[in-house]
Each structure stands twice: as structure tokens, then as C-alpha cells.
Number of protein chains: 2
Amino acid sequence: MAVKGIPGRAVYLGTFIHSKSLEELEYLHNSAAFVDEKGAIVAIELDCDQKKAEEVLLPKLGWKKGEVTVNVAKPGQFYFPGFIDTHIHASQYPNAGIFGKSTLLDWLNTYTFPMEASLSNLTKANLVYSRVIQRTLSHGTTTASYYATIDVPATNLLADLCLSLGQRAFIGRCCMDTLSPDFYRDVSAASSLADTKATISHIASIDPTYALVSPIITPRFAPSCSSELMHSLGALQKETGLPIQTHISENKNEVKLVAEMFPDHASYTHVYDNHGLLGPKTILAHCVHLTEEEVDLIKLREAKISHCPASNSAITSGTAKVRWLLEKGIEIGLGTDMSGGYSPSILEAVRQASLVSRHVAMEGDEKTKLSMEEVLYLGTRGGAKVIGLEEKIGGFGVGMEWDAQLIGLGSVEENDFNGQLDMGAVDIFGWESWEERVAKWIYNGDDRNTLSVWVKGRLVHERKL
Amino acid sequence: MAVKGIPGRAVYLGTFIHSKSLEELEYLHNSAAFVDEKGAIVAIELDCDQKKAEEVLLPKLGWKKGEVTVNVAKPGQFYFPGFIDTHIHASQYPNAGIFGKSTLLDWLNTYTFPMEASLSNLTKANLVYSRVIQRTLSHGTTTASYYATIDVPATNLLADLCLSLGQRAFIGRCCMDTLSPDFYRDVSAASSLADTKATISHIASIDPTYALVSPIITPRFAPSCSSELMHSLGALQKETGLPIQTHISENKNEVKLVAEMFPDHASYTHVYDNHGLLGPKTILAHCVHLTEEEVDLIKLREAKISHCPASNSAITSGTAKVRWLLEKGIEIGLGTDMSGGYSPSILEAVRQASLVSRHVAMEGDEKTKLSMEEVLYLGTRGGAKVIGLEEKIGGFGVGMEWDAQLIGLGSVEENDFNGQLDMGAVDIFGWESWEERVAKWIYNGDDRNTLSVWVKGRLVHERKL
């Protein structure tokens, strides 16, 4: 096993599972992936054991055996692409699970704004942000698109921590100059823009090519942004080419509020479009109550969608019609939306995406159900497309980067209740097919099954056993 | 800590949390529970530390200090009543999480009947049943109402294992003489009755007063039972006074099928009622698509309901209208319905009951949402009422029995990612109220938070840390 934190040339041997398409998982057994010191996959070889890897493949690559870390997955274990969380509020982590009977607008005022405001205390921000990065890595999240807070130093700290702990991340300073509490709002559109630029400059100074950590322009959502602010952020996007993230059409009262606040715009989606915020690099979280006209506009602009099923159920927002959105040809990924969503785990979002699609099906159309292949696609390749990194991450392929997790499932024999080994809540009896093993992981798996996590070839989390 | 498996006099010190009513959790801090060698709670003392317990209370009880095991919950830990699973198929455990896109009737034929049939192999049955008992105990389930299979020796084995592993259980041999595959059905109503009686006799021989393990009469569901079989099981109930468990109105196609098979009965509920199967000791699982007339009949007969939210979502059965059923005055508990439900954990059922009630609310009525107090009630006191043991279990009180779990939540400080301690996915920062700690447990907790489990005073599970 590689020394934690130090990337180097490595070969990974065993079973690899990843999405071939929305509908299909590919199972590659007895295979090998060769990863260079920059974290790039330089070769994938089928039918390749350790002997062949060392004696045939390494010489072909011009690599010497002693320089290469050899990782061998045990029988039953498999490498899976790291999860991609396309929508998560780092600053809300301490509230995970705390939401009572609230819905969006009272949830913001009761739980969320006070917590976010409190993170201007950098000691607290350091504690919370360190923890959320460690936690999400432990759940297999190799890439996260984070909302921080309005605070520049705390937001910069989140970027610093992602870089040092090795998580691929998009860091968004929340822009919000309207309809927010006095203790937690940007004082003006101008200051909001200036503070956003300050965070962009900081990130450019620590990761100049945005190889691991990138800024993302983050108008919180239309109700908390003045038209002036949104116009200036739209212009900033045009100038910088940076991605944008925001919320849309999560809750019916929110949709009504936007209609009242922006009476001259044809719809919520048009509000963003008319401010230059709707484009191929825009991530729209939720999309629960969109009209067909709005969906068509999103498709036209090639904007992307972050589906947040756990959140939509927990704070009673509604059910996103994922099948419909997929059939419209829009790219969709998964978001935990923690702490609107109660869990920082994309595996939980995968599970909830499956269940929510069944709730949509209960309304009459069986075709809306998502298969396990489809929900895993959304959590990996789908997410990669949403954040514009589909050439690099979300699956295994030559030229892509090694963002991966090693999954191990407990066997009935090994996972002894009287012993020390706790391999989690999944029990493998031994007769299960690979498809059934994956199903068991989806429905009863948790962070105990994520044994090791790598980002860009660097080992960033390892379970102690 | 008590020696595992050997009950004796014990005192438990610390925080106790249990349901005072459907709407209210009671938090008892610095308290003590005194449990005798039979597992009965003989005293509960508020404002009681170890010194007071030993110097004042023990002499009052006439107990000597050296004879009593003293258990002290650490700060932040709490005792909670053991969970009660009012509907679980022990024989389907190996299929947990495996259900594809199926719904009830094809799910039965594809996954369920073949697995159940295979457990006539006693070696396999021993493996599966031992495991499901250990697993459910590890999740805090102190009482389970089990469906086994049609096989008498395997069903008897499940009873033996519950007794030896110390889980309070109701053991049901599945009765099914109709519309089931040739390889898995009772050959006649008469043989089904005789086999049921054989299991009852066996359980009476190993636990004559049904102190821990009791038989439960189990017509699988109306579509798999002939009228003759249901009449004979109704008569058996009258004769023995034993409880009954069955399924009802889970899936729309099932409801249609019953209407076709039993055209002379006014409804699905009337089918059971007309066969003497609907009474105060009847547990009806699911109740998703009942008409108001049926609900009123259930109330009239004082039958009970097992709500199985994870199952209803997973196999797309529908959403049970729990608020409506509660307002009708019917007693309701939770069931995992594993493996229609993917998880053997009642904590997961608690979480899913909360989420499903929000899906019901999305249809328009906010009042249908269940609070965390309500879902925990359903998993403990509600379940106790459903199985007729509300005087004994489901909460803490003098005269009740010590069926309990010790819950510990990870703190950000202690639960070190670099160390060996894995206290689960909950992170307590230290500023949370007790209500917020419980919310965090509900939404991100798992078996790692269930540190110790007792049934009738006996330590039956302990997490290795």
C-alpha cells in the first residue's frame, strides 16, 4: 500500500467496476491499471495478474519494479470511481440531520443562516471544514462542489484544506445581498463581487492551474441576489470562464417568491438566463418544480443539473423527475445538498435517488424508476459531466486521472461479531453474483466499505482495520 | 460491564431517553435503573449517581454491592429502549438489497420463493438465521416478529437460535397452500395446519411460558391461502390465543388479485375478518392501499398495523398514510420487512418512516409529516403495543423488562480518522442540544452507535471497540 499522501507510480490489480453508459456497468476482472506519478492512468490491461504486470507491462512502460507501488485488491473487493458530489454546503455540516419539520425558507432562517454566519470564526471554520473534507473522503467523495459562506478568509481556508487534504474541489463563496438576515449578507452587490474576486485570486495563488481546487461562482439563489449582483456575476463568468453553481426550483414557495421578486422574467430559469448565469458551465441544484419550457431552456443553454434526493425528501421539497430530465438530454449528477440533505454520503444519495425515482413511479409511470446502474452513473460519470471533468474523472480509462475508491464487502465468514473486524452492514454469503454484490453495497453499504480513497493518484483516506 | 450472556442484578446509571407519548420523548439525566436477575426493572431513581445508587438504593432493595453489576453510561451516551421489528422475514436475509426494479408479485417469484425454499437445507438455515439474529441484535432490535419458511425443522431452528442468542421473538411458520410455486407450498390446508401446530409444540417445549420466544400464526397473505386454510388458522387462533401476522394491501395488483380470488368478500380486510383472522392480536403488515371502510373495520377489531416504509419505497408499493391511521386510533409499529425492505435495521425504518411521511405531505397535507419523536415511538412503544407487550417493553418503567440499547455518538474530538476508534458516521461537535443529538443519531446513525444491547436483562450484543 502506498504511503498516505505521497503519490507515485502505482499499479492497481484486481476487479474494476465503472459505468460504461447510463444503463450499463462494466465489470473488469483480473485487470490492471497503471498510474503515473502525476496521477494519470497510462495503461489499463485486461487479463493481467501481478506477474504479467511486473514482467511484461512495467518494462513496456519503461518503469522499474522497485519504483512502483503494487496494490492488489483481494478477491471480492473492487475498485470503483470516486464519487462526485455536485452540490454540498461545507458550512452546514454541523447541522447534518437537524432539520425538524421545516421546509426550505424557514429551514434557512432557523438552522442554516446562523450556522453559516458563525463560521466567520476561523477556529470554528477550521474544525468544521477539516471535518467535512475528512468525512466526505471517508465516504468515497473524491470531488465536491462546495458552497462555503460569504466570509472570504473562511472560504479561502476551505480551499487551503481541500488542497492539503487532497480532495478535488470547487469552492464557492456564497453571494447574497438581498432578503437575508442583517447578520449574514453581503453589504452590496459591489462588495459581493469584490469578495468573490478575492477568493478567486486566493485559489489562483495556491493552485494556479486549478489542477485540484477551482473557484466556482456562487450566487446563492435568485431570492437572495439583487439583479445588479447577478448581472455582475454573469459578467464575471464571461470574463473568467469559471463554472457557476446555484439553486433553482427546489420548493413551491420559493418558486412563488421568485415570481414575485422578478415579475418581468418569464420564469425562474429565465431569471438566471437573463442575467447571463445560464450556460454550459452552470450547475443547477434541485430542479424539482420546473416547467417544460424551463427544462427546454436549460437544455438549450446546455446547463447541468444536480439532483439532491435526500434533501428533497427530508425538507419536503418534492420529487425531481429525473427520468424526464434525462430523456430531455440534460446531464445530471448527484448532490448530497448537506445539510438540507442529512447525509454527507453520495452512496446515500445514490440509494435515495433510487427510492425517490420509485416515489415518482408511484404516481403512475413505472418507466421513471432508476436502475442501480443508472444511480451509480449519476454519482460518478454523470457528476463528472456536470462539473465539466468527464475527460478526467468518473470512470477508468487511459488518459483519465486516478480518482478511485477500493470497496470491500464483509463476508459472513470473515466479519465475525465476536472479533475485531467490522466490515460494515453488508453480508456476503458467497453465492451472490457481482451484480448482486453491487446491489448489496448500494443498499446496505456505508463508509466502512470504502477501504481506500485516492485522488489524482494520491492516497487520501484509508480505513484502519 | 456484565459478562455477555449471563444475566444478574444490575444497575444502569446515566441518561435514559424513551417515549413518554407519541409526541414526546422523555430525557432522564443522572438517573439509575435497577434490574433484577430475571431482567425486570425494580426501581428507577432520578438524580442518582453511583454513590447514591450503591449507598442508598441497593440497601433499600436488599441487594449487596458485590452482587450487582454497575453499568455507567459515559457523558453523551444514553440508554434507549430496544427496537421492536414488527415485520421481518428472517429467511430472506441473504437477499437484503437485491430487488432490482421488481414489484411485489414478481419480486416474490424472482427472488423470494427460491431463497425461502432453499432454507429447507438446515445447514444453510442455521447460517442464515444465526446471522439475521446477530445482525438485528447489533442494530438494536431486541424483539422481532419473524416470518420463517414453510419448513418445520428450519422454523424450529429459528426459534432455538433466538432462545440461545437471547432475542425476544415471535416465530411464524409461513402458511401457503395456494398460488405458490410447486417447489414451495404447503401440499394442503390440513398439512399446513398440522405443520403449524408442530412448530407451536416445539416452541412450547423449549420456552413453555413463551417468556422469550413465542409462536405466531402466519397465513402468508390471502393470495397464497385457501379459504379452508384461513378458516382453520382462524380457529387455531381462537383455540390457542396466539397472535397472528399477515400482509395486507401492500400493492395495487395484489389488491386486485384478492378481489378476483375472493369475489364474495367486501374487501381484502373482510377476507381476513370473515375467516376469523382479524382481531386484537392480529398484526397487519403494510396497509398502503386500504379504503376508509377497511380502516374502520381494522379499528373496530382492534387489529394492529406494521408500517414498513423502506419496503414500500423499495419495491414501489406506495406510501402508507400513517397520520391518517394514527388519527383513526389504530396502534402502529415499524417493520423492516426485510428483504422487501433492504435493511434489517429499525433505525433505518425510523428514518424511512420520517421520509415517507414527507412524501405523503408532498401530496398536499403538511400535517402528515411525522416528527422524530413520533417515528421513534413507532419503533419502540408503538411496536410493543402492536405485539401485545406494552406492559413489558418499549420504554423504561418499574415492572417492565430491561430490553435496552446503549447508544454512543462519535465526537469530532474522539473519533479520530487517524486512530482506531470508529464511532460511526455521526459527528457531535459538543454544542448540540440533546434533541439535536437524537436527530443526528436518527439520520446518520447506524449499528456502530449501538454499543450494547440487552434483552430481559441479558447482555446479547456488545460492540468491540
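Basis of the calculations
- Residues numbered from 1 in each chain as written.
- Chains lettered and ligands numbered in written order.
- Predicted model: local features only at pLDDT ≥ 70, side-chain atom pairs only at ≥ 80, totals over all residues.
- Heavy atoms only, no water.
- Domains from an automatic or database assignment.
- Contact = heavy atoms within 4.5 Å.
- Buried area = accessible area lost by both parts, 1.4 Å probe.
- Helix = DSSP H or I, 4+ residues; strand = E, 2+ residues; numbered from the N terminus.
- Buried < 20%, exposed > 50% of the residue type's maximum accessible area, 1.4 Å probe, protein only.
- Least-squares fit on C-alpha atoms with pLDDT ≥ 70 in both.
- Salt bridge = Lys/Arg side-chain N within 4 Å of Asp/Glu carboxyl O.
- Polar contact = N/O pair within 3.5 Å; in protein donor to acceptor, adjacent residues only side chain to side chain.
- Nonpolar A, V, L, I, M, F, W, Y, C, P; charged D, E, K, R; others polar.
- Core = buried A, V, L, I, M, F, W, Y, C linked by side-chain atoms within 4.5 Å.

**Considerations on the domain arrangement of chain A**
All names here are of chain A. Domain boundaries assigned for chain A yield domain 1 (10–81 + 395–462) and domain 2 (83–386). Taking the mean C-alpha position of each, domain 1 and domain 2 sit 30 Å from one another. Contact residues are listed per partner, giving 35 residues for domain 1 and 27 residues for domain 2. For the pair domain 1 and domain 2, the summed buried area comes to about 2,600 Å², and 62% of that belongs to carbon and sulfur atoms. The largest contributions to the domain 1 side of the interface with domain 2 come from Leu-22, Ile-442 and Tyr-443, which together make up 26% of the buried area.

**Some points on the side chain of Ser-180 of chain B**
All names here are of chain B. When you line up the elements, Ser-180 lands in the loop between strand 9 (174–175) and helix 5 (189–206). Of the residues examined, Ser-180 reaches a relative accessible area of 7% and is grouped as buried. When sequence neighbours within four positions are dropped, the list of residues in contact with Ser-180 reads Arg-185 and Ser-224.

**Points about the relation of the copies chain B and chain A**
Of the transformation placing chain B onto chain A, the axial shift is 0.0 Å and the rotation is 180°, giving an RMSD of 0.0 Å. What we have between these two chains is a two-fold relation. Taking C-alpha positions as the reference, the residue of chain B nearest the rotation axis is His-359 of chain B, at 3.9 Å. Both copies present the same face, since 100% of the interface residues in chain B are matched by interface residues at the equivalent positions in chain A.

**A few points about the interface of chain B and chain A**
Across the contact, 71 residues belong to chain B and 71 residues belong to chain A. Note on chain B versus chain A: buried area summed over both sides is about 5,500 Å², and carbon and sulfur give 57% of it. Remark: the boundary between chain B and chain A carries 10 salt bridges. Summed over the shared surface of chain B and chain A, the number is 28 residue pairs in polar contact (both at pLDDT 80 or more). Among the secondary structure elements, those contributing two or more residues to the side of chain B that touches chain A are helix 3 (122–138), helix 10 (309–314), helix 12 (346–362) and helix 14 (434–444) of chain B. With 8 residues, helix 12 of chain B is the single largest residue contributor to the side of chain B that touches chain A. In terms of residue class, the side of chain B that touches chain A is built from 25 nonpolar, 25 polar and 21 charged.

**With respect to the nonpolar core**
Trp-441 of chain A together with Trp-441 of chain B are the most contacted members of the largest nonpolar core, which totals 164 residues. With near-sequence residues (within four places) excluded, Trp-441 of chain B lies in contact with Phe-78, Phe-80, Phe-83, Leu-347, Arg-351, Leu-376, Ile-407, Leu-409, Val-426 and Asn-449 of chain B.

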